[in-house]
Amino acid sequence: MTESNGSAAPQRHEEMPDWERRFRAPRVSLPDWAEDAPDRSLFVSNATGTYELYAWDRSTGERRQVTNRANGTTDGVLSPDGAWIWWFDDKDGDEFGVWRRQPFEGGEDALAAPGLDPSYPAGLALGRDGRTAVVGRSTDEDGTTIHVARVGEPPFELYRHRESAGVGDLSHDGSLIAIEHTEHGDAMHSALRVLRPDGTKVAELDDTRGGTEELGLEVLGFAPVDGDTRLLIGHQRRGRWEPMVWDVATGEETDLVLDLPGDVSAEWYPDGSGLLVAHSFEARSELFRYDLASRELVRVPTPPGTVSGATARPDGSVEYLWSSSAQPPAVRSTGGGVVLDPPGPKSPGSVPVEDVWVEGPGGRIHALVQKPAGASGPLPTVFDIHGGPTWHDSDSFAAAPAAWVDHGFAVIRVNYRGSTGYGRAWTDALKHRVGLIELEDIAAVREWAVSSGLADPARLVLTGGSWGGYLTLLGLGVEPEAWAVGIAVVPVADYVTAYHDEMEALKAMDRTLLGGTPEEVPERFEASSPLTYVDRVKAPVYISAGVNDPRCPIRQIDNYVKRLESRGAPHEVYRYDAGHGSLVVDERIKQVRLELEFAERYLKP
């Protein structure tokens, strides 16, 4: 085994290769803004080389770095009055910590909810009175607890259950609290409950009861009007995610019936008169305004590609974070131009993505393909598998696939069964045969790639992070002849040990996916665990892992590596001091460089 260090001499930006410049280029998230002070905003940026929170006063143009931690900070919330920035303080990326708050203008950080012990976060909603917060917590000992925390008062426990749950929203006047819960034991499909701050139940909505199908609900937000009891929610009653307005006081449900083929989400316009609708379909997205009075749906113009976040401003304009596979992300406005342009060198672009549809054992599979400009096959080809599994690859800018393309590889990303954006049945299809179903879809796309002449069958790389890392290790063992190299980033490697060591919310998800615990359904965990097939692996394996990762913990990775070591299988392991990935740009570049070098070292010329 080789323990990598990957050290390299520093370069000036203009001397760096394009792939590295893409990672280093300053980026910003979509700015959040304070409901009652819309000139005050909060965003995330990597401007210092580490992703941190920044405050932005639009009235003066001043931008200020809020957090400064060795492993970065991305979880932050701006209070509705714009006075406070809440941020989550964990230890070296382990996701276990407490909320702190800092004045918007700057100053000392203070414990935001005294009396609440450290936990994994399970949602946060802040009241407009400047005193009230609804704080969700998750621990192995208690399951989920939700508390009402008021300045100067001890926290009040509003909710407790062993199964996973989370804070949905707090009504505009602070009188109603919406939560999502999975008390029925299905972590993939939440039910909704609305409570008063004293714990009195107001309303309940549960689409998992009384039917043969498992349907989920999600909280999208209370109407932004005092005394308004309308709650915008998402539902799956027609086989995909769609928005609906639920009056929690009267029980009335207003079905919007939008004639859009993909998954649909929405948020309120600030005056409550309409909804900003986000439509995701076949790896791309678009925006609409829906007028609640006229029921008219009007397209909000955005370029072709992916909108990864959008918000309606008080003046009626819409700000959105947009990118495509060829063009780097930018925060734009329907009022014209770029809203928030980070200083510093710009990111080089990449090549456009091509859509491929392949017939598979569970239906048509959508794959996104990139290849070097002007290149013809057969090419060394990387199958870059997304995490989640309830996620999907889209026509959006991604520095890692672009790095492979720069080095002469074709890159194929597969939206396997389990992916979102293709209907509820596609997302829910992987239960019980977890991992194996996804590999069937990847195999079908691989067969297309080889038979079409795009991919060289002797130079196929399987890689991915998180769930994609899990599928990488599983695929190397289940189909050992198919892959020349495997690169697994923060993977599940030993499913049983991972279950016992991971955070409680993920244990609930695994029980849902596999139908029970390792003790209850041992045969399913065995069939879905990469460790079961490790002795069949033939390809050289590269694994990188964060030593503080609560999602794919290090002990189960060590178990897998020991089995590789015991038979002298070629492999390298890189461990770094962070959690489920790194927020430090230098560290991320180091990891990608090691991955590229590993693949090129073992692939045939």
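First, a word on scope: everything that follows refers to the structure included in this document. Sequence order as written defines the numbering, with residues in each chain counted from 1. Residues qualify for local features only when their pLDDT is at least 70, as the model is predicted, and side-chain atom pairs are given and counted only at 80 or more; totals for whole chains, interfaces and linings, by contrast, use all residues. Water and hydrogen atoms play no part in the side-chain values, which are based on all heavy atoms of the structure.

Turning our eyes to something else, we now look at helix H2 (residues 399-406). Type-normalised accessible area, obtained with a 1.4 Å probe on protein chains alone, sets the label of each residue: buried when under 20%, exposed when over 50%, and partly exposed for intermediate values. Secondary structure elements follow DSSP: runs of H or I no shorter than four residues count as helices, runs of E no shorter than two count as strands, and numbering proceeds from the N terminus. Of all eight residues in H2, six are buried, a share of seventy percent or more. Listing the buried residues of H2 in full gives Ala399, Pro401, Ala402, Ala403, Trp404 and Val405. Summarising the contacts, the buried residues of H2 are in contact with helix H1 (18-24), strand S31 (363-370), strand S32 (379-385), strand S33 (410-415), strand S35 (485-489) and helix H10 (585-602). Following H2 by one or two positions, glycine 408 adopts a phi angle in the positive range, close to 95 degrees. By definition in these notes, contact holds between two residues if any of their heavy atoms fall within 4.5 Å.

A cis amide bond links glycine 377 to the next residue, proline 378, at an omega of 0 degrees. Positionally, proline 378 belongs in the loop between S31 and S32. Of note, the bond from glycine 388 into proline 389 is cis; its omega dihedral lies within 30 degrees of zero at 0 degrees. Locating proline 389 in the fold gives a position in the loop between S32 and H2. You will see that arginine 295, though not glycine, has its phi angle at about 60 degrees, which is positive. Within the secondary structure layout, arginine 295 lies in the loop between strand S24 (284-291) and strand S25 (297-300). A positive phi angle is found at histidine 432, which is not glycine, with a value near 75 degrees. The class of histidine 432 is partly exposed, set by a relative accessible area of 36%.

With that settled, consider the packing of aromatic side chains. A pair of Phe, Tyr and Trp rings is counted when the ring centres sit within 6.5 Å of each other, with Trp represented by its six-membered ring. The angle between the planes then sorts it: under 30 degrees is stacked, over 60 is edge-to-face, the rest tilted. Evaluation of the coordinates by the stated rule reveals 15 aromatic pairs. Both rings, one in phenylalanine 96 and one in tyrosine 120, keep their centres 5.0 Å apart while their planes meet at 80 degrees; by these two values the pair is edge-to-face. Note that phenylalanine 96 is positioned in the loop between strand S7 (84-90) and strand S8 (97-103) and tyrosine 120 in strand S10 (residues 120-126), a separation of 24 residues in sequence. Here tyrosine 120 falls in the buried class, since its relative accessible area comes to 14%. Plain terms: the ring middles of tyrosine 542 and phenylalanine 598 are 5.5 Å apart, the flat faces sit at 50 degrees to each other, and that makes the pair tilted. Linking tyrosine 542 in strand S36 (residues 541-546) with phenylalanine 598 in helix H10, this pair joins segments that are 56 residues apart in sequence.

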